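If you want the building blocks of each chain, they are given just below.
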Amino acid sequence: MRNRWLSPIAVVVLAAVIALGAVFDPSGLAAPYTWTGADLLPVAGLWQVAAPAVYVPLLLAGVGVLAWAVARGRTPLRTALLVWGAVVWSAMAAKLLMSLAMTSDDVVYLMWSTGFTGVKAAVFGLPVAAAAWLTQLLHRRLVPPPPASASTASEAGPAAAPGTVLPRSSAAGWAAAGVSVVLAASVGGGWWGGSPVGYAIGDSPLAPAPEAGPLGCLAAVTLLGVLTWASNRRLSATTSPPAVVAGLSALAAAAMLGLVEVAVGIPGDLAGGDLFWAPAIMLRLAPALSFGALLALATAVLVALLPAARPARRGSVLAAPIPMAVVVAAAALALPLLPSGTTTAQPPRTKGLTLSADRRIIDADGNEVLLRGVNVNQLEDYFQKRPDKAVTRPLTEADFAGMEQMGFNVIRLALSWSALEPRPGHYDPAYLAKISWAVGTAGRHGLRTVIDMHQDAWGKGVDAAPGTTCPNGSPMHGWDGAPTWADRFDGAPRCEFTGRDISPAVARAFTNFYQDRDGIQTRLVAAWGMLAERFANEPMVAGYDLLNEPGFGEAPPITSGVLLGRYYDRAIKAIRAGERRGFPHLVFFEPSVLWSGLGFEVPVPKDFTDDRLLVFAPHLYNESITIDQGTGLTVTSIERGFELASRAAEYYGAGLWSGEWGWFGDPAAAPIARYTDQEDRHRIGGAFWVWKQSCGDAHADAESKTGGNLMIEDCVTGKDLPPPAEYVAELSRPFPRSAPGRLTGLTSDRASLTARGEGSGCGLDVWFPGDARPVVRGTGLSGVAVRRAPGGWRVTGCTSGVYSLTADV
């Protein structure tokens, strides 16, 4: 007898969970539903109301229908498990349809990303499953079972003579296992191996992907088939529809395969000495669950089409052990269907910096170039937090001379869109002149420039009105970035929820930007085209950083993945169009701000652009200002951060550069030497944050006695204070500014350097700090010269074949 209360109770409990999550987590990062408090009207497009109009109704309807379908079972635990699976599958299906309402770009990525919703649903579905268990238990005790019938006897009785008719669920189990094997072997490679978080979890030895090797792949595909069959056998001992049970069994099997991968990966995750194993569980389960949702749909459809009049017979091919051998054989035969790795096209040659075939930053002569320097924020248009203090410190030639004396060869020049384009379509000529002056002056001091479109927490407009109260968090002050004419907050509260970037107003503003509401994104894209045209022939411009720490929007990873990638592609196309009369420059692209806060992220799709001059530029703030440091724990260590960033760059076929790092706090206790050791180990560069910061900067506290991170300002007198000696020593350490061919090894400290490489040419250029002339030794070197330079020494020469260089004092 059907339990008529199961479905409505499941729906009511789920609705309560959704409401509570929306109240206590307005960010939606952990809650099942993001409710920012923004106005629903006027509606600019379906994407604006996709969550309340598509996701929530479909989630509740899906759970209601599936709970009704399984309500005939008499076993509380089995029913609860089926309802739990119904919540997980319905959440992923609803999220996919919501995603399609927001964008039709990259449907495969959208399908894959539903796995994160599945992980959350597995958690918030527990109260629903518990309610289902209790409801079914009460129903079984209060409602007597119906008289036994032939059908119920068939469901319950496993013993039957050969040739007798078996329940349709037996055939459903084998059908489900077959679907699992075929889909895993045919599309599993792309699902696991091509996963946007594959960089974070590495190559699993047990996964339906080429990276696992033939045996690991075969074992995973076979295990998935076995688990699907076993799950169906366990869950089908009910009178629930076989198609529903078979689909949820496939989902359960994929989840169990994900748990097996978690267990296999735990030893490696623990090896880093941090707590990365915790988020790694989610990162391993998400692809498995999204794949399980696909399996569930395909399996349910196939089983629904099985002829009801032709159930399996005991002793037939569907009921004998032989099908399991068929499953294994099918897995082996289907392995060639797994997608193979893609090849990356050779980046174009250019008069400026470009990339080698193996993704290293090189110059026009093929010398490897390490870009090491500092961020410059003195052209930014910050919100004035302290009315008695300037928001920035003047940028003068003395600043560039000081950077040269520390051995830097690059600056990341932060611009503000609000100062660049104060009115739509109007570019401020005075501000453009400042940018050109900075690029030219930096170049005269041997500094290349990465032009960075900077923003923090959207812009000045997020400043909360006086008297604003925030049930969750605290009122915001303004920041920097977008001009106020681009603000589209739609009434969302200007409140910080655990941080400036986790704010309803910021999330709504970025969602509107990613959707190009009122053409605001188009305006920034056009600004990039204008800047690219201006510097099209400038070799000292290293490249363009498309957007600093992009906000994650209201529906990550749709907004922070697919839609952010779409903006990047538009901006790159505009830049290339602007460079038509010059030469192409590198493009630096970042993951969303979540990477800066977590040390990892679900990044933009792999194929977001077909451009090849790409440099992945995350901000490596591990053990600095990542969220975990506020708890006293380390989830992603410095070493882990470099490894994740390196694998992510490889995933994109891009170069790697750390756009920001630093903010370690007390210089005496800062782990800066561990950071610079990793920088040498991975042979990359980066930009320290920041050269000079004013006491009136939006980052500074009102009670701060000093401002800045490197060049310090006395907030009382306004005078410069000596920079921290610990920072200066590490930032000024020796390094090869350029090296012929490719570097194969690099170690350095404050007074010595050892570099190894292979290649021939005369582009060797090594920086060495201090007054003492370095002693240079090596192999494969010729024409070595040591000459005085501002703040230190420059070692130049030629190399031939395999070479090594050691310099010390």
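Note that the structure is a prediction, hence the values are computed from the model and not measured.

**Student:** Give me the state of the cysteines: which residues, what numbers.
**Tutor:** Summed over all chains, the structure comprises three disulfides. The disulfide partner of C695 is C715, and the gap between their sulfur atoms is 1.9 Å. Measuring handedness by torsion sign, the sulfur bridge of C695 and C715 sits at about -95° and is left-handed. Highlighted residues: C695 in the loop between β14 (686–689) and β15 (706–707) and C715 in the loop between β16 (712–714) and β17 (720–721), separated in sequence by 20 residues. Going through the protein chain in sequence order and numbering each bonded cysteine, the pairs you get are 1-2, 3-4, 5-6.

**Student:** Describe helix α4 (residues 107–124), listing the residues and the values that go with them.
**Tutor:** Between the first and last C-alpha of α4 there are 26 Å, a value that for 18 residues agrees with the 26 Å anticipated at 1.5 Å per step. Within the sequence span of α4, burial applies to Y109, L110, W112, S113, T114, G115, F116, T117, G118, V119, A121 and F124.

**Student:** I'd like to hear about the pairing of strand β5 (residues 410–416), residue by residue, with values.
**Tutor:** The element β5 is extensively covered by neighbouring structure, given that seven of its seven residues are classed as buried. The two faces of β5 match: V410, R412, A414 and S416 on one face and I411, L413 and L415 on the other face are all buried. Relative to β5, strand β4 (residues 372–376) runs parallel, the two sharing four bridges. Looking across to β5, one finds that G373 is bridged to V410. Note on the crossover from β4 through helix α13 (residues 397–405) to β5: the handedness is right-handed. Relative to strand β6 (residues 448–454), β5 runs parallel, the two sharing seven bridges. Its bridge partner lying in β6, L413 is registered against I451.

**Student:** Now, about the sheet that holds β5: what can you tell me, with residues and values included?
**Tutor:** Strand order across the open sheet formed by nine strands is β12-β11-β10-β9-β6-β5-β4-β14-β13, with parallel pairing between neighbours. In this open sheet, the two strands that pair with only one neighbour each are β12 (655–656) and β13 (658–662).

**Student:** Before we move on, could you go through the environment of G761 and cite the residues and values that matter?
**Tutor:** Along the chain, the position of G761 falls in strand β21 (residues 761–769). Take G761: its relative accessible area is 24%, and that puts it in the partly exposed class. Residues within four places of G761 in sequence aside, it is in contact with P740, G797, C798 and T799.

**Student:** Describe in detail the environment of P504, supporting the description with residues and values.
**Tutor:** With respect to the element layout, P504 can be found in helix α16 (residues 504–514). The exposure class assigned to P504 is buried, which follows from its relative accessible area of 6%. Look past the residues within four positions of P504 in its chain and what remains in contact with it is T36, A492, P493 and C495.

**Student:** Outline the nonpolar core, supporting the account with residue identities and numerical values.
**Tutor:** By size, the foremost hydrophobic cluster in this structure holds 182 residues, and its most contacted members are L420, I435, W528 and Y567. Counting residues per element, this core draws most heavily on helix α3 (residues 76–102), at 11 residues. In this structure, L753, W793, Y803 and L805 belong to the second largest nonpolar core, which totals 17 residues.

**Student:** How would you summarise the pairing of strand β22 (residues 775–789) if you had to cite specific residues and measurements?
**Tutor:** As judged from the 12 bridges shared by β22 and strand β23 (residues 792–808), these two strands associate in the antiparallel manner. If you follow A789 over to β23, its bridge partner there is G792. Between β22 and β23, which follow one another and run antiparallel, lie two residues, and G791 among them has a positive phi close to 85°.

**Student:** Summarise the packing of aromatic side chains; cite the residues concerned and give the values.
**Tutor:** In the structure shown here, the tally under the stated rule is 30 aromatic pairs. Pairing F510 with Y514 gives two aromatic rings, centres 5.7 Å apart and planes at 35°, and the pair type is tilted. With F510 and Y514 both in helix α16, this residue pair falls four residues apart, about one helical turn. You'll find F510 and Y514 in the same group, each marked buried.

**Student:** So what's going on with the side chain of D697? Residues and values would help.
**Tutor:** Mapping D697 onto the fold places it in the loop between β14 and β15. For the buried D697, which has no salt bridge, the nearest side chain bearing the opposite charge is R500, at an N-O separation of 7.3 Å. At 2.7 Å, the side chain of D697 and the backbone nitrogen of H699 are in polar contact. With residues near it in sequence (within four places) discarded, D697 still touches N377, Y382, A390 and V391.

What counts and how
Residues numbered from 1 in each chain as written. Predicted model: local features only at pLDDT ≥ 70, side-chain atom pairs only at ≥ 80, totals over all residues. Heavy atoms only, no water. Disulfide = S-S within 2.5 Å. Helix = DSSP H or I, 4+ residues; strand = E, 2+ residues; numbered from the N terminus. Expected span 1.5 Å × (residues − 1). Buried < 20%, exposed > 50% of the residue type's maximum accessible area, 1.4 Å probe, protein only. Pairing = 2+ DSSP bridges. Right-handed = clockwise from strand over helix to strand, strands pointing away. Contact = heavy atoms within 4.5 Å. Core = buried A, V, L, I, M, F, W, Y, C linked by side-chain atoms within 4.5 Å. Phe/Tyr/Trp six-rings, centres within 6.5 Å; stacked < 30°, edge-to-face > 60°. Lys, Arg positive; Asp, Glu negative; His and termini not counted. Salt bridge = Lys/Arg side-chain N within 4 Å of Asp/Glu carboxyl O. Polar contact = N/O pair within 3.5 Å; in protein donor to acceptor, adjacent residues only side chain to side chain.

Honestly, that's just the spatial picture; any functional story needs more than this.
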